[in-house]
Amino acid sequence: KLTKNALINPLKDDMKDPILQDLRDIPKVCAAIQDDWQNNNNTGTAMFSLNRLTAWNLGRCLKERLDKYASGRFEPCANRVDLLLTGCEVSLWLAEQFGADLQKAFPKLRIVTVSSNKLLGLYGQEEINVPAVGFIASEKTLKLDDAITIIVSHSGGTFSPLGCSSLFQSTT
C-alpha cells in the first residue's frame with residue numbers, strides 16, 4: 001500500500017527550479033543516509049535501519065556460503081552461481097557495479113549479473129523459452145539452485161524484476 005506508508009515520502013509540490021532544489025537537498029539527503037546507517041532514526045518510522053538489517057542479512061548469507069565451501073559441503077562447480085544480481089536499466093547498471101565490487105572482495109565466489117528481462121526469457125515460460133544467443137548467460141551455464149539473489153529496483157514495481165522475484169522464490 002503506497003498511501004499512509006511511513007517508508008514512502010509524499011511527492012513534493014511543484015517548484016520553479018527543481019534542479020536547484022535537488023542540489024540544495026544533497027547535504028540533507030546525505031545526512032539522512034548517514035543517520036540511517038548509524039541507526040539515528042529520529043523520524044519514528046522504524047525501530048531500526050532497514051539498510052543495516054539488509055546489509056547484516058547479506059553478510060550472513062555470504063558467510064554461510066563461504067562456510068559451505070570451506071567445510072567441503074559445496075564442491076566448486078563452474079556453473080554454480082553463488083550470487084545472482086539482476087535488474088533493468090539504471091538498476092541493472094547499479095547491480096553490475098555492486099557485483100564488480102563484491103567480486104573484488106570475494107574472488108572465490110561466482111557473482112553473476114544478468115538483466116531481469118534476459119532471465120525471464122530464459123526461465124520465465126515453461127514452453128516458450130527465449131535462447132540468449134551470443135550471451136554468456138543460458139540455462140546450461142547458470143546453475144541457480146540455492147543462489148543468493150539480489151533484485152535491484154529503484155521503484156520496486158518494474159515488470160521484469162517483479163517477474164524474477166516471483167520466478168526465483170522457490171529456487172534461489
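I will try to describe carefully the structure that is included in this document. Not measured: the values here are computed from a predicted model.

For sheets, the rule is that strands pair by backbone hydrogen bonds, running either parallel or antiparallel. One open sheet holds the three strands; their spatial order is 2-1-3, and the pairing between them is parallel. With one partner strand each, in any of the chains shown, strand 2 (111–115) and strand 3 (148–151) form the two edges of the open sheet. The sheet shows a mean angle of 20 degrees between the axes of neighbouring strands, direction not considered. By the bridge criterion, four bridges tie strand 1 (residues 83–87) to strand 3 in an arrangement that is parallel. Bridging across to strand 3, Leu-83 finds its partner in Ile-148. Across the sheet, helix 3 (residues 90–105) lies against strand 1, strand 2 and strand 3, angled at about 170 degrees from strand 2, the strand it touches most.

Attention shifts here to the pattern of salt bridges. The final tally for this structure, using the stated rule, is seven salt bridges. A salt bridge links Asp-25 to Lys-28, with the nearest nitrogen and oxygen atoms 3.9 Å apart. In this pair, Asp-25 and Lys-28 both sit in helix 1 (residues 18–37), three residues apart, roughly one turn of the helix. Measuring nitrogen to oxygen at the nearest pair gives 3.0 Å for the salt bridge that ties Asp-67 to Lys-63.

Applying the stated criterion across every chain, the model contains two aromatic pairs. Plain terms: the ring middles of Tyr-123 and Phe-168 are 5.9 Å apart, the flat faces sit at 70 degrees to each other, and that makes the pair edge-to-face. Here the residue Tyr-123 occupies a position in helix 4 (residues 116–123), and Phe-168 occupies one in helix 5 (residues 159–168), the gap between them amounting to 45 residues. With relative accessibility at 6%, the residue Phe-168 sits in the buried group.

Cut-off values and rules
Residues numbered from 1 in each chain as written. Predicted model: local features only at pLDDT ≥ 70, side-chain atom pairs only at ≥ 80, totals over all residues. Heavy atoms only, no water. Pairing = 2+ DSSP bridges. Helix = DSSP H or I, 4+ residues; strand = E, 2+ residues; numbered from the N terminus. Axes fitted to C-alpha atoms, helices over the stretch in contact; angles between N-to-C directions. Contact = heavy atoms within 4.5 Å. Salt bridge = Lys/Arg side-chain N within 4 Å of Asp/Glu carboxyl O. Phe/Tyr/Trp six-rings, centres within 6.5 Å; stacked < 30°, edge-to-face > 60°. Buried < 20%, exposed > 50% of the residue type's maximum accessible area, 1.4 Å probe, protein only.

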